[in-house]
Amino acid sequence: MKNQNQEEFKRELGLLDATMLVVGSMIGSGIFIVSSDIARQVGSAGWLTLIWVISGIITMIAAVSYGELSAMFPNAGGQYVYLRESYNKLIAFLYGWSFFAVIQTGTIAAVGVGFSKFAAYLFPMMSEENILFQSGDFTLHAAQIVSIVTIVLLTYVNSRGVKNSKTLQTVLTMIKILSLVGLIIFGFLLGAQSEIWNSNWTDLWTPKSFSSESGLWTPIGGVSLLTGIAAAMVGSLFSSDAWNGVTFIAGEIKNPKRNVGLSLFLGTLIVTFIYILANLMYLAVIPIQEIATAKSDRVAVVASQNIFGDQGTLIIAVMIMISTFACNNGLIMAGARVYYTMAKDGLFFEKAAHLNQASVPAWALWAQCIWASALCLTGKYGDLLDFVMIIVLIFYVLTIYGIFILRKKSPDAERPYKAFGYPLLPALYIILASAVSIALLYSKTSTCGWGVLIMLLGIPVYYLTKEKK
């Protein structure tokens, strides 16, 4: 028989810890990379900035809407629990299935690949170009091994207890916030050039796409512009994602009815401001052509080089390695709590429902580690982003629509906090996120389609496991 501290989570995380988890999980490698792809898709400073602003607003609307749900259900499991209570066990299972198969593990893999991109800048032997094994279509290179090693290391740290992982998370997140803010300030003070800034803001609303093969810009409009915006928003939304990770560990947060919702608001607000300022700094330091053609999309490296000279590339590489490391720590910590809650409902492997002596779901952590490591071997950074974002958006839409359902289903339930701007802002999020999802399925069927197919495969799996039970 397990003793009490093995069967219950310990509430050891305060408001600062929760906010740092939100910020740390959101700021990974995206802000240092994806502006390059966005620039290629839309081709102007105005559209580049607008896409980051829209992504920030969408994310904040979702976060403050989730505040109502987190206050109603202040326990481990987060979004999985909200879907179960709003709909039924099937929808909740499809989320948990997708979360394990695609969302969380795919995000962990993508961030791990992002870490290896910049580790290779310091140590070329760790790059994708260092091929270790090749057989047919499969290629194993050093960057994949680096990604997997970081995931295994962070899983081990998290298996030793939430106290160790929360300290690591808070310290690394503080370092990366200060580093990123410092880069922005020095960028404006030392690297900004009026001719670059003025040139970038000429024809700021003239959209065009860039072909890496021909090296030419092509004016776009109508359907081409809409699909370009949708494709560009994959990167900015991915960079702004993972904010909901704090809801998964609500069972370990002090005063969760207050602190979960407040940390969601504060965390997404901080990150949105940082992201918009970072992109304005890029536009003050780098011509839009160079943003679009940055080697390996490492736009932050180009900016840092222009600001600090050759030493800048080393500074930014170390900074991004810290950033991605902290991001994956938060993702790994939060993800296992969903599998734990699913297992408690009889919808995941029974072993995931148990806590170890450090009061953490160690079996769930290692299962997540194995699958995320496998995904590191399957795709490139961009493919992993498409793979993940379509499913993320579908379940965000369902979860926020769940607020409307619960208002009707349980009108008298205790709501310590109510969704800001209800019903207009949650409805606006549902419309915008649905539009982006449809555009993504249309424009990136090959990658997004696989994500949707994996999600739908969960339906027969659910009924098969249900019949066995």
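Look up a bit, the structure's there.
Along each chain, numbering runs from 1 in the same order as the chain's sequence is written. Where totals are concerned, whole chains, interfaces and linings use all residues; where local detail is concerned, this predicted model gives features only for residues with pLDDT of at least 70, and gives and counts side-chain atom pairs only at 80 or more. To obtain the side-chain values, all non-hydrogen atoms of the structure were included, while hydrogens and water were left out.

## Notes on the overall build of the protein chain
Counting secondary structure elements, the protein chain contains 20 helices and 4 strands. We take the radius of gyration over the C-alpha atoms and set the globule estimate at 2.2 Å times the residue count to the 0.38 power. Expected size for 469 residues packed as a compact globule is a radius of gyration near 23 Å; at 21 Å, the protein chain falls within 12% of this value. Overall, the C-alpha framework of the protein chain stretches about 65 × 50 × 45 Å when taken along its three principal axes. The cut-offs for exposure are 20% and 50% of the maximum accessible area for each residue type, with area from a 1.4 Å probe on protein chains only; residues under the lower value are buried, those over the upper are exposed, and the others partly exposed. By residue count, 59% of the 469 residues in the protein chain fall in the buried class. Within the protein chain, contacts between residues at least 6 apart in sequence are counted, and of these 82% link residues at least 24 apart. Note on areas: Shrake-Rupley with a 1.4 Å probe; residue coverage comes only from the protein chains shown. Summing over all exposed atoms, the protein chain offers an accessible surface of approximately 18700 Å²; the carbon and sulfur share of this is 65%. Helix and strand definitions follow DSSP, with helices as H or I runs of at least four residues and strands as E runs of at least two, each counted in order from the N terminus. Pairs of residues are marked as contacts when any of their non-hydrogen atoms sit within 4.5 Å.

## A word on the packing of helix 8 (residues 142-159) against helix 9 (residues 162-191)
Fitting a line to C-alpha atoms yields each axis, with helices limited to the stretch in contact; the angle taken between N-to-C directions then spans 0 to 180 degrees. Two elements in contact, helix 8 and helix 9, have axes whose closest approach is 6 Å; the angle formed by their N-to-C orientations is 125°. Between helix 8 and helix 9, the angle is such that the two are oblique. Seen from helix 8, the contacting residues are Leu154, Val157 and Asn158; seen from helix 9, they are Asn164, Ser165 and Leu168. Each residue is assigned to one of three groups, with Ala, Val, Leu, Ile, Met, Phe, Trp, Tyr, Cys and Pro labelled nonpolar, Asp, Glu, Lys and Arg labelled charged, and all others, Gly among them, labelled polar. For the contact of helix 8 with helix 9, the residue count by class is 3 nonpolar, 3 polar and no charged. Here is the rule for angles: anything less than 35 degrees is roughly parallel, anything more than 145 is roughly antiparallel, 65 through 115 is roughly perpendicular, and the remaining ranges are oblique.

## Looking at the pattern of salt bridges
Each salt bridge in this description consists of a side-chain nitrogen of Lys or Arg and a carboxyl oxygen of Asp or Glu lying within 4 Å of one another. One pass over the structure, following the stated rule, counts 8 salt bridges. A salt bridge links Asp37 to Arg40; the shortest N-O distance between them is 3.5 Å. A residue pair is termed a helical-turn pair when its members lie 3 or 4 positions apart in one helix, as Asp37 and Arg40 do in helix 4 (residues 35-42) at 3 residues. Given a relative accessible area of 14%, Arg40 falls into the buried group. The salt bridge involving Lys257 is made with Glu414; its shortest N-O contact spans 3.4 Å. Of the two residues, Lys257 is situated in helix 13 (residues 256-285) and Glu414 in the loop between helix 18 (381-409) and helix 19 (424-443); the sequence distance between them amounts to 157 residues. Salt bridges linked by common partners bring Asp37, Arg40 and Asp297 together as one network.

## Focus: unusual backbone geometry
With an omega of 5°, the peptide bond running from Tyr422 to Pro423 counts as cis. The residue Ala242 is not glycine, and still its phi comes out positive at about 75°. With respect to the secondary-structure elements, Ala242 resides in the loop between helix 11 (223-239) and helix 12 (245-248). Ala242 gets classed as buried once you look at its relative accessible area, which sits at 9%.

## So, the environment of Ile405
Here Ile405 lies in helix 18. When the C-alpha positions of Ile405 and Ala427 are compared, they lie 13 Å apart, and in sequence the two are 22 residues distant. In this structure, Ile405 is in contact with Ser86 and Tyr87, ignoring residues within four places of it in sequence.

## Description of the environment of Gly28
Relative to the helices and strands, Gly28 is located in the loop between helix 2 (15-26) and helix 3 (30-33). Sequence spacing of Gly28 and Met321 is 293 residues, and the spatial spacing of their C-alpha atoms is 8.8 Å. The residues contacting Gly28, other than those within four sequence positions of it, are Lys176, Tyr275, Ser323, Thr324 and Cys327.

## Focus: the pairing of strand 1 (residues 131-135)
Two strands pair if DSSP finds at least two bridges between them. Sheet analysis places strand 1 next to strand 2 (residues 138-141), joined by 4 bridges and oriented antiparallel. Looking at strand 2, one finds that Phe133 is bridged to Leu140. Counting the residues that bridge the hairpin from strand 1 to strand 2 gives 2 residues, and of these Gly136 lies at a positive phi of roughly 65°.

## Digging into the packing of aromatic side chains
For this analysis, a ring pair means two rings from Phe, Tyr or Trp (six-membered ring only for Trp) whose centres lie within 6.5 Å, classed as stacked if their planes differ by under 30 degrees, edge-to-face if by over 60, and tilted for the remaining angles. In total, this model carries 25 aromatic pairs according to the counting rule given. Relative to Phe404, the ring of Tyr401 lies with its centre 6.0 Å away and its plane at 25°, an arrangement referred to as stacked. In this pair, Tyr401 and Phe404 are both assigned in helix 18, 3 residues apart and thus about one turn of the helix distant. For Phe404, a relative accessible area of 19% gives the class buried. Between Tyr462 and Tyr463, the ring centres sit 5.1 Å apart and the planes meet at 80°, which makes this aromatic pair edge-to-face. Residue Tyr463 is classed as partly exposed on the basis of its relative accessible area, which comes to 40%. Among the aromatic side chains, those forming a connected cluster through ring pairs are Tyr95, Phe99, Phe100, Phe248, Tyr339, Phe348, Phe349, Trp363 and Phe395. Geometry around Trp217 places Lys208 over its ring, the cationic atom sitting 5.5 Å from the centre. Two thresholds decide whether a charge sits over a ring: the Lys NZ or Arg CZ must be within 6 Å of the ring centre and within 35 degrees of the ring normal.

Function-wise, these values are silent; they only describe arrangement.
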